[in-house]
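Summary of the model geometry
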Amino acid sequence: MRVLVVDDEVRLARALKVGLEAEGFAVDVAHDGTDGLWYARENDYDAILLDLMLPGINGYRVCATLRAEENWTPVLMLTAKDGEWDQVEGLDTGADDYLTKPFSFPVLLARLRAVARRGARARPTVLTAGDLRLDPAARQAWRGDVALELTTRELSLLAHLMRHVDDVVSKRQILDSVWDDDFLGEANIVEVYVRHLRNKIDRPFGREAIQTVRGAGYRLAGNGG
């Protein structure tokens, strides 16, 4: 496996290079975002370890740029920032996983192998289903050229459905993904939000993208309805 390490902490980058090479990896190192982006563009890697707070170009922009250029090399973000919105932003820009410093090397190794196993599959940062589009990072959705006014929860619900387009997802799966673990309400809250979402993305446009599968859950049509 060939890995690119992009981190401005020289000692950490050197330690990662030594440790990974001892595990049989081939490792290139860059100490700023500009060089990291160049390496990622010029070479084929099985995975990229990418710090967020980099000189030149930060890790968010490096990852977003690669995804915009349809470079789907798996990215494991490394950062000292552990706020939940930092993690959300990192994942929404196209990262595959997120590890907070300080970290255990065996854990990093396991995470690295996991993202590399997934391979460089296309993971567009803008989700689409027909003329329905959603940009999770910008937290904005459109039906054709019309911007949709959705609440945060509605956006999360739509994103979950669009990430499983044409698949049936149960209410429990939706609850686990869109609501947090502390939610103690009834599962029928999903029905309420599905109805809200239909009233915004389907009915005004004469569409039926969100389909009810009786006794099983919901399906978002891949053609956008």
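Preceding block: the structure.
Let us look at the structure shown here. Counting from 1, residues in each chain are numbered in the order their sequence is written. Predicted model: local features are reported for residues with pLDDT of at least 70 only, side-chain atom pairs are reported and counted for 80 or more only, and whole-chain, interface and lining totals are derived from all residues. Side-chain descriptors were evaluated using all non-hydrogen atoms of the structure, hydrogens and water having been removed beforehand.

1. Side note on the overall build of the chain
Our working rule: Helical segments are the DSSP runs of H or I of at least four residues, strand segments are the runs of E of at least two, and each set is numbered from the N terminus. Residues count as neighbours in contact if any of their non-hydrogen atoms are within 4.5 Å of one another. Accessible areas in this description were obtained via Shrake-Rupley with a 1.4 Å probe; residue shielding takes into account the shown protein chains only.
When helices and strands are tallied, the chain shows eight helices and twelve strands. Sequence-distant contacts in the chain: of pairs separated by 6 or more residues, those separated by 24 or more amount to 57%. Of the accessible surface of the chain, which amounts to about 11,700 Å², a share of 47% is contributed by carbon and sulfur atoms.

2. Re the sheet that holds strand S11 (residues 210-213)
Rules: Paired strands are those between which DSSP finds at least two bridges. The axes are straight lines fitted to the C-alpha atoms, using for helices just the contacting stretch, and the angles between their N-to-C directions are given from 0 to 180°.
Taken in spatial order, the three strands make up an open sheet running S10-S12-S11, and their pairing is antiparallel. Bordering the open sheet on either side are strand S10 (168-169) and S11, each of which pairs with just one other strand. Examined bridge by bridge, S11 and strand S12 (residues 217-220) share four bridges and lie antiparallel to one another. Within S12, the position partnered with valine 213 by the bridge is glycine 217. Of the strands in this sheet, S10, S11 and S12 touch helix H6 (residues 152-163), which is tilted by about 75 degrees from S12.

3. Here we look at helix H7 (residues 171-178)
In an α-helix, one turn spans 3.6 residues, which is why side chains three or four residues apart end up on the same side. Cut-off, in case you're wondering: For each residue, the accessible area found with a 1.4 Å probe, counting protein chains only, is set against the maximum for its type, and the residue is called buried under 20%, exposed over 50%, and partly exposed in between. This arc corresponds to the set of directions leading from the helix axis out to the C-beta atoms.
For H7, the full list of buried residues reads Ile174, Leu175 and Val178. An end-on view of H7 places all buried positions within 100 degrees of arc, on one side of the element. Exposed residues on H7 whose side chains face more than 90 degrees from its buried face are Arg172 and Asp176. Against H6, S10, helix H8 (189-201) and S12 lie the buried residues of H7.

4. As for the nonpolar core
Let me state the cut-off plainly: We define a nonpolar core as any set of buried Ala, Val, Leu, Ile, Met, Phe, Trp, Tyr and Cys residues linked to one another through side-chain atoms lying within 4.5 Å.
Judged by nonpolar contacts, the single largest core of 25 residues is most densely connected at Leu158 and Leu161. Breaking this core down by element, the ones donating at least two residues are strand S6 (127-129), strand S7 (132-135), H6, H7, H8 and S12. For this core, the element with the most residues is H6, which contributes six residues. Listed in part, the 19 residues of the second largest apolar core include Val6, Ile48, Val62 and Cys63.

5. Observations concerning the pattern of salt bridges
Under the convention used in this document: The salt bridge definition used is simple: a Lys or Arg side-chain nitrogen within 4 Å of an Asp or Glu carboxyl oxygen.
For the structure shown, the criterion picks out 14 salt bridges. The network of salt bridges with shared partners includes Asp7, Glu9, Asp51 and Lys101.

6. Side note on unusual backbone geometry
As a rule of thumb, non-glycine residues mostly have phi less than zero, and peptide bonds are mostly trans rather than cis. Of the consecutive residues lysine 101 and proline 102, the connecting peptide bond is found in the cis state with omega at -10 degrees. Within the element layout of this structure, proline 102 appears in the loop between strand S5 (97-100) and helix H5 (105-118). If you check the backbone angles, glutamate 70 has positive phi at about 60 degrees while not being a glycine. Along the polypeptide, glutamate 70 turns up in the loop between helix H3 (59-68) and strand S4 (75-79). For glutamate 70, a relative accessible area of 60% gives the class exposed. The backbone phi angle of aspartate 166 is positive, close to 70 degrees, even though this residue is not glycine.

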